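# Working through the structure, step by step
Letter by letter, the chains look like this.
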Amino acid sequence: MAGAEQGTDRSFGMSSLRPFQKATVTAVLNAFKRKRGSRRFLVADEVGLGKTVVAQHVIKRLMKGRRKPLVVFYLCSSLAIASQNRRKLLEVLPTKEDRAAADCPVDRLSLLKVAAQPNSPTLHLYSFTPDTSIPIRTRHRRDGRQEERALIHELVRRIWPALFKIWGTKVFRGSIRSAATWAAAKKLQRPHVRSAGFRRAFVRSVREEFGLEDRQKLLPVLQRKHENGLSKLELIAHFRNALAASAIEEIAPDLVIFDEFQKFRDLLEKQKNASARRVIGRLTGDQVENPPALLLLSATPYRLFSTSVEEASGKSHRSEFFQLITFLYGEDDDARRTLALKEAFATLETALRKNDQATTDVLTAKETVENLLRPVMARTERFACASAPHDDFRTVPLDAPLDSDDLVVFKHLHSSLNIDHVATAVPYWTSIPLPMQSMGNHYIAWKTREPANPHGVPELTVEMRDRLQTLKQWPHPRLRALRKMLPPEQLAIPWLSPTSPWWPLRGAWKDKEMLPKKILIFSRFRAVPQTIAAAISFDLESQYLARKKLPYSEVTRRRLFAAKANRHTLLAVFGPSPFLINATRNLSFIDS
């Protein structure tokens, strides 16, 4: 329904732009055209306001008036999300055939030069994830995929066969146990390495990778590195890096998009490792004469809050913010600008603490911040934009009073934490229901705890679980407030009603007040979503199943809506029907 809500560009099937999105697209393009600028821009719109749509229209505008195809690299932390958004970006082209011609199916930088290249006359789109495509990154796997290692093996066999005398013939085989599987993988790559041009480019890239001087030979260098402890994984990573760097250099993207880049923020930092700089620098524009335009997308581009403990360890949200601004300005960065920003933010912070925000100094500081950030970033929030989706969006405070049990839980948590972590008791307690039961080994504070006497502390026991007996009330004010929003009658309905029904709704679906709601919960700690889900689900099971006196293990095995041989038509209840969609009209269409 997103296309119906936003409207579409009928000529391309693209989502049309709202006024605030048009302004953002214009700001991005102005930044890319600025002669002295870094050609980097951050779109930090709030979740759900269409950052991908903005990127789509930026691509469409950049395609205009070009004699050559626009080459776009799209990087995202997840291949599944990258695949989904890639389809969205390709909607700038009018037909399926055009989109297929513009799309590169290979998702590894190291395999680009042996892949079928896009042949669209207007757009070439490549999509990757940093984890799989950038070999030299701290704490990430370096061995790559079977196809990559097989390609490297065949290249080395043709160019430096003596390398196998140093490292052994199985150096690139990795974890493949079957000799037949490995032989087949190598056979598939052999046609690619017949190209003399490809081999020459690989040799040049490998020489640069290992820092060889003119006329210096590779094998003696690798012999010394082998003797000095260079591992097989590191060798593979360097060869993969050479392939990736060579591919980027040849393809030369015009636009690079980092989507949800906060998940691979290390790419924005100064790379100490020369090999890492080769690939990352070519993506960010630090290592090339004519850098690509760089578009960053993220609703949360930096840490929004840090505790005093995190501040003391150097993990400050302020430092992340200013590092980001320095990166966005690039070579055009000016220490005076950063100083002016810090002074303006200090003025605003003081005013907020004093609740005194109408002074001339505050207004001047606000204007300073806006003027300094506008060239490199844009952010739209629903409050600030009347044309954003859900124009009636507003903040409604929930009544969440403290109860004595809440304080008992806090006292127990505070008393149990090691002295080094006791300062974290408040943020853990305010966010995580039943923190001593639900945090677990992911938290150092929990692992180093010395549990205090739990007498009188509300808790969910195994016996209560097995009897499907829940707590009288959860000892957490936010969870109690959430529970009021989600009565069991709503949660018991197995699916949402259609946005545009084809027939009058009846039963539980007829009462709009009782229909299930979509709720988006933001949490700071990993334990919060799973604890909320477990608590709400268990409350529902307790209310509807306890009277049946079923063992808890039997409840968890039940699949009430599983399709079976004698009721396979149940799938039709959940699956959309293309025939009905094409052959009939829904009620909202008929009413209009």
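Predicted model, so just to flag it, every value in this text is computed and none were measured.

With that settled, the discussion passes to the sheet that holds strand 8 (residues 377–378). Read across the sheet, six strands follow the order 5-4-6-7-3-8 without closing on themselves; strand pairing throughout is parallel. Edge strands, defined here as strands with exactly one partner in the open sheet, are strand 5 (123–128) and strand 8. The pairing of strand 3 (residues 40–43) with strand 7 (residues 293–297) spans four bridges and is parallel. Following the sheet pairing, Leu42 is matched in strand 7 by Leu296. Strands strand 4 (70–76), strand 5 and strand 6 (255–259) of the sheet are contacted by helix 4 (residues 79–89), whose axis makes an angle of about 150 degrees with strand 4. Contacting strand 3, strand 4, strand 6 and strand 7, helix 13 (residues 274–284) runs over the sheet at an angle of about 100 degrees to strand 6.

This part is about the packing of helix 7 (residues 146–159) against helix 10 (residues 196–209). Where helix 7 meets helix 10, the closest approach of the two axes is 11 Å, and the angle between their N-to-C directions is 95 degrees. Between helix 7 and helix 10, the angle falls in the class roughly perpendicular. Here Leu151, Leu155, Arg158 and Ile159 of helix 7 come into contact with helix 10, specifically with Phe198, Arg199, Phe202 and Val203. Looking at the contact of helix 7 with helix 10 residue by residue, the class counts come to six nonpolar, no polar and two charged.

This next bit is on the packing of helix 2 (residues 19–33) against helix 3 (residues 51–63). Helix 3 packs onto helix 2 with a crossing angle of 50 degrees between their chain directions and a minimal axis gap of 9 Å. Put simply, helix 2 runs oblique to helix 3. Where helix 2 crosses over helix 3, the two elements pack in a sense that is right-handed. The segment helix 2 lies against helix 3, with Gln21, Thr24, Val25, Val28, Leu29 and Phe32 engaging Val53, Val54, His57, Val58, Arg61 and Leu62. Tallied by class, residues from the contact of helix 2 with helix 3 come to eight nonpolar, three polar and one charged.

If you look at the biggest cluster of nonpolar residues, it comprises 82 residues, and the most contacted ones within it are Phe73, Leu112, Phe172, Phe239, Phe258 and Leu296. Per-element tally for this core: the top contributor is helix 12 (residues 232–251), with 11 residues. With residues up to four places along the chain from it excluded, the contact list for Leu296 reads Phe41, Leu42, Val43, Phe258, Phe261, Leu268, Leu324, Phe327 and Leu328.

Further remarks concern a nonpolar patch on the surface. A surface patch of nonpolar side chains, about 320 Å² in accessible area, is lined by Leu398, Met485, Ile519 and Ile521. Mapping Leu398 onto the fold places it in the loop between strand 8 and helix 18 (404–416).

With that settled, the discussion passes to the pattern of salt bridges. Counted under the stated rule, the structure contains 22 salt bridges. One salt bridge in this structure joins Asp254 and Arg66, with 3.2 Å as the shortest N-O distance. With Asp254 in the loop between helix 12 and strand 6 and Arg66 in the loop between helix 3 and strand 4, the pair connects residues that are 188 residues apart, well separated along the chain. The closest approach of N and O atoms between Asp539 and Arg483, which form a salt bridge, is 2.8 Å. With Asp539 in helix 25 (residues 527–545) and Arg483 in helix 23 (residues 477–485), this residue pair connects regions lying 56 residues apart in the sequence. The class of Arg483 is buried, set by a relative accessible area of 18%. The structure contains a network of salt bridges with shared partners spanning Asp107, Arg108, Arg145, Glu147, Glu148 and Arg240.

It is worth spelling out the packing of aromatic side chains at this point. Inspection of every chain in the model, using the stated rule, returns 17 aromatic pairs. Relative to Phe264, the ring of Phe258 has its centre 5.6 Å away and its plane inclined at 80 degrees; by these criteria the two rings are edge-to-face. When its relative accessible area of 1% is taken as the criterion, Phe264 is described as buried. Aromatic pair Tyr302 and Phe321: ring centres 5.0 Å apart, planes at 65 degrees, arrangement edge-to-face. With Tyr302 in the loop between strand 7 and helix 14 (308–312) and Phe321 in helix 15 (residues 317–329), the pair connects residues that are 19 residues apart, well separated along the chain. Here Tyr302 falls in the partly exposed class, since its relative accessible area comes to 23%. Residue classification places Phe321 among the buried positions, given a relative accessible area of 8%. Connected via pairs of aromatic rings, a cluster forms that spans Trp160, Phe164, Phe172, Phe202, Phe210 and Phe239. The ring centre of Phe327 lies 4.1 Å from the NZ or CZ of Arg40, which sits over that ring.

So, about the environment of Ala115. Looking at the secondary structure, you find Ala115 in the loop between helix 5 (96–102) and strand 5. Residues Ala115 and His192, 77 residues apart in the sequence, show an inter-C-alpha distance of 9.3 Å. Setting aside chain neighbours within four positions, we find Ala115 in contact with Cys104 and Val106.

Bringing the pairing of strand 5 into the picture now. Among the six residues of strand 5, six are classified as buried, and the element is accordingly described as predominantly covered. A two-sided burial pattern is seen for strand 5, the buried positions comprising Leu123, Leu125 and Ser127 on one face and His124, Tyr126 and Phe128 on the other. Strand direction decides the pairing type here: strand 4 and strand 5, joined by six bridges, are parallel. The residue of strand 5 that forms the bridge with Tyr74 is Ser127.

This next bit is on the environment of Glu208. Looking at where Glu208 falls in the secondary structure, it is placed in helix 10. For the pair Glu208 and Ala274, spaced 66 residues apart in sequence, the C-alpha separation works out to 9.9 Å. Discounting residues that sit within four places of it in the chain, Glu208 has contacts with Arg278 and Arg282.

As a further point, take the pairing of strand 4. With seven of seven residues buried, strand 4 lies mostly within the body of the structure. Of the two faces of strand 4, the one carrying Leu70, Val72, Tyr74 and Cys76 and the one carrying Val71, Phe73 and Leu75 are both buried. Across five bridges, strand 4 lies against strand 6 in parallel orientation. Within strand 6, the residue paired with Cys76 across the bridge is Asp259.

Right, let's talk about the side chain of Arg240 for a bit. By the secondary structure assignment, Arg240 is in helix 12. For Arg240, a relative accessible area of 2% puts it in the buried group. Of the polar contacts made by the side chain of Arg240, one reaches the side chain of Glu148; its length is 2.8 Å.

Conventions adopted
- Residues numbered from 1 in each chain as written.
- Predicted model: local features only at pLDDT ≥ 70, side-chain atom pairs only at ≥ 80, totals over all residues.
- Heavy atoms only, no water.
- Pairing = 2+ DSSP bridges.
- Helix = DSSP H or I, 4+ residues; strand = E, 2+ residues; numbered from the N terminus.
- Contact = heavy atoms within 4.5 Å.
- Axes fitted to C-alpha atoms, helices over the stretch in contact; angles between N-to-C directions.
- Parallel < 35°, antiparallel > 145°, perpendicular 65-115°, else oblique.
- Nonpolar A, V, L, I, M, F, W, Y, C, P; charged D, E, K, R; others polar.
- Left-handed = near helix turned anticlockwise from the far one by under 90°.
- Core = buried A, V, L, I, M, F, W, Y, C linked by side-chain atoms within 4.5 Å.
- Buried < 20%, exposed > 50% of the residue type's maximum accessible area, 1.4 Å probe, protein only.
- Patch = residues over 30% accessible without salt bridge, like charges linked within 9 Å, V, L, I, M, F, W, Y side chains within 5 Å.
- Areas by Shrake-Rupley, 256 points an atom, 1.4 Å probe, with all protein chains shown as cover.
- Salt bridge = Lys/Arg side-chain N within 4 Å of Asp/Glu carboxyl O.
- Phe/Tyr/Trp six-rings, centres within 6.5 Å; stacked < 30°, edge-to-face > 60°.
- Lys NZ or Arg CZ within 6 Å of the ring centre and 35° of its normal.
- Polar contact = N/O pair within 3.5 Å; in protein donor to acceptor, adjacent residues only side chain to side chain.

That's the geometry; what it means functionally is another story.
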